[in-house]
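# Notes for the structure review
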Amino acid sequence: GEKVEQHESTLSVREGDSAVINCTYTDTASSYFPWYKQEAGKSLHFVIDIRSNVDRKQSQRLIVLLDKKAKRFSLHITATQPEDSAIYFCAVDTNAYKVIFGKGTHLHVLP
Amino acid sequence: DMKVTQMPRYLIKRMGENVLLECGQDMSHETMYWYRQDPGLGLQLIYISYDVDSNSEGDIPKGYRVSRKKREHFSLILDSAKTNQTSVYFCASSLRIYSGNTLYFGEGSRLIVV
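Presented here is a report on the structure given in the accompanying data block. (Residues numbered from 1 in each chain as written. Chains lettered and ligands numbered in written order. Predicted model: local features only at pLDDT ≥ 70, side-chain atom pairs only at ≥ 80, totals over all residues. Heavy atoms only, no water.)

### Points about the packing of aromatic side chains
This is how it is decided: To pair, rings of Phe, Tyr and Trp, with the six-membered ring standing in for Trp, must have centres within 6.5 Å; the planes then decide the type, stacked if under 30 degrees apart, edge-to-face if over 60, and tilted in the middle. Runs of H or I in DSSP of at least four residues are treated as helices and runs of E of at least two as strands, each being numbered from the N terminus. Any residue under 20% of the maximum accessible area for its type is buried, any over 50% is exposed, and the rest in between are partly exposed; the area is computed with a 1.4 Å probe on protein chains only.
According to the stated counting rule, one finds 15 aromatic pairs over all chains in the structure shown. Seen from their ring centres, Trp35 of chain A and Phe73 of chain A are 5.6 Å apart, and the 65° between their planes marks the pair as edge-to-face. Of this pair, Trp35 of chain A sits in strand 4 (residues 32–38) while Phe73 of chain A sits in strand 8 (residues 72–77), and the two are 38 residues apart along the sequence. Owing to a relative accessible area of 0%, Trp35 of chain A belongs among the buried residues under this scheme. Taking relative accessible area as the criterion, Phe73 of chain A reaches 0% and is therefore assigned buried. Here the aromatic rings of Tyr64 of chain B and Tyr89 of chain B are separated by 5.9 Å at their centres, their planes lie at 65°, and the arrangement is edge-to-face. Taken as a pair, Tyr64 of chain B in the loop between strand 6 (54–57) and strand 7 (65–70) and Tyr89 of chain B in strand 9 (residues 87–94) lie far apart in primary sequence, 25 residues in all. Taken together through their ring pairs, the aromatic side chains of Tyr36, Phe46, Phe89 and Phe101 of chain A together with Tyr33, Tyr35, Phe90 and Phe105 of chain B make up a single cluster.

Set out below in structure tokens:
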């Protein structure tokens, strides 16, 4: 079945710098790629998504890039702030309409 | 108010006991999910429900079963719990099964099996 690999398990950046989290997937038919954020001790909530008909989407300081040829998508967080510290999960909405998650990237924004 | 509610939030059970985790949503969402979260493993899909009495196995269904008798309610049942089922369980819902719907998560149920 579909697999999603999230490449960075931990990422530390200085406040104000950019953070990049990369994911790859296996099923070329996948068409929807959301990202979720989990703050310490809390549940997950949606932050941004991208569909396969575009290769870039931006929402304020969040940018998602999609490279369908490489089956890779990435989350860019610009001008990072302390409140960006969290676990970020990439996900893929599969052909079977199951949402499969990566293992998560723990982002630390250092002062 | 768009909300997914899980009960109980914390639970300690002995090995071999039965466990019932309950999830409710007030958004009339068709699709509901059960995931478990373990350190280093991310979220793993246990079961998905497309609507009342229409359930499908996820990636790790073994040792679990589900029940959905009302659209707003989805239960996860562990018959004879095992220590390796110690985990945090998340319920989620989405509007409908078609691709591209946002998942709304509950607060999680932390289960410890001793």
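### Description of the interface of chain B and chain A
Rule in force here: When checking whether two residues touch, look at their non-hydrogen atoms; a contact exists if any pair is within 4.5 Å. Buried area is understood as the total, over both parts, of accessible area removed when two parts are fitted together, assessed with a 1.4 Å probe. Only one rule defines a salt bridge in this text: a Lys or Arg side-chain nitrogen within 4 Å of an Asp or Glu carboxyl oxygen. Polar contact is the term for a pair of N or O atoms within 3.5 Å; when the atoms are in protein, one must be able to donate a hydrogen and the other to accept it, and sequence-neighboring residues count only if both atoms are side-chain atoms. All amino acids are sorted into three groups, where Ala, Val, Leu, Ile, Met, Phe, Trp, Tyr, Cys and Pro are nonpolar, Asp, Glu, Lys and Arg are charged, and the leftover types, Gly among them, are polar.
Across the contact, 25 residues belong to chain B and 19 residues belong to chain A. Taking both sides of the interface into account, the surface hidden between chain B and chain A amounts to around 1800 Å²; carbon and sulfur atoms contribute 55%. Joining chain B to chain A, the criterion identifies zero salt bridges. Seen at the junction of chain B and chain A, the total is five residue pairs in polar contact (both at pLDDT 80 or more). Those elements giving two or more residues to the side of chain B that touches chain A turn out to be strand 4 (31–38), strand 5 (42–51) and strand 6 of chain B. Here the element with the most residues in the side of chain B that touches chain A is strand 5 of chain B; it accounts for five residues. Tallied by class, residues from the side of chain B that touches chain A come to twelve nonpolar, ten polar and three charged.

### Quick look at the state of the cysteines
Basically, it comes down to this: By definition, disulfides here are pairs of cysteine sulfur atoms that lie within 2.5 Å.
Under the definition given, this model contains two disulfides over all chains. Paired by a disulfide, Cys23 of chain A and Cys90 of chain A hold their sulfur atoms 2.0 Å apart. Because the torsion about its S-S bond is -100°, the bridge between Cys23 of chain A and Cys90 of chain A counts as left-handed. Residue Cys23 of chain A is located in strand 3 (residues 19–25), and its partner Cys90 of chain A is located in strand 9 (residues 86–93); the two are separated by 67 residues in the primary sequence. On the basis of relative accessibility, which here comes to 0%, the residue Cys90 of chain A falls in the buried class. Here Cys23 of chain B connects covalently by a disulfide to Cys91 of chain B, the sulfurs 1.9 Å from one another. Here the disulfide of Cys23 of chain B and Cys91 of chain B is left-handed, its torsion about the S-S bond being about -75°. Taken together, the residues Cys23 of chain B in strand 3 (residues 19–25) and Cys91 of chain B in strand 9 connect sequence positions 68 residues apart.

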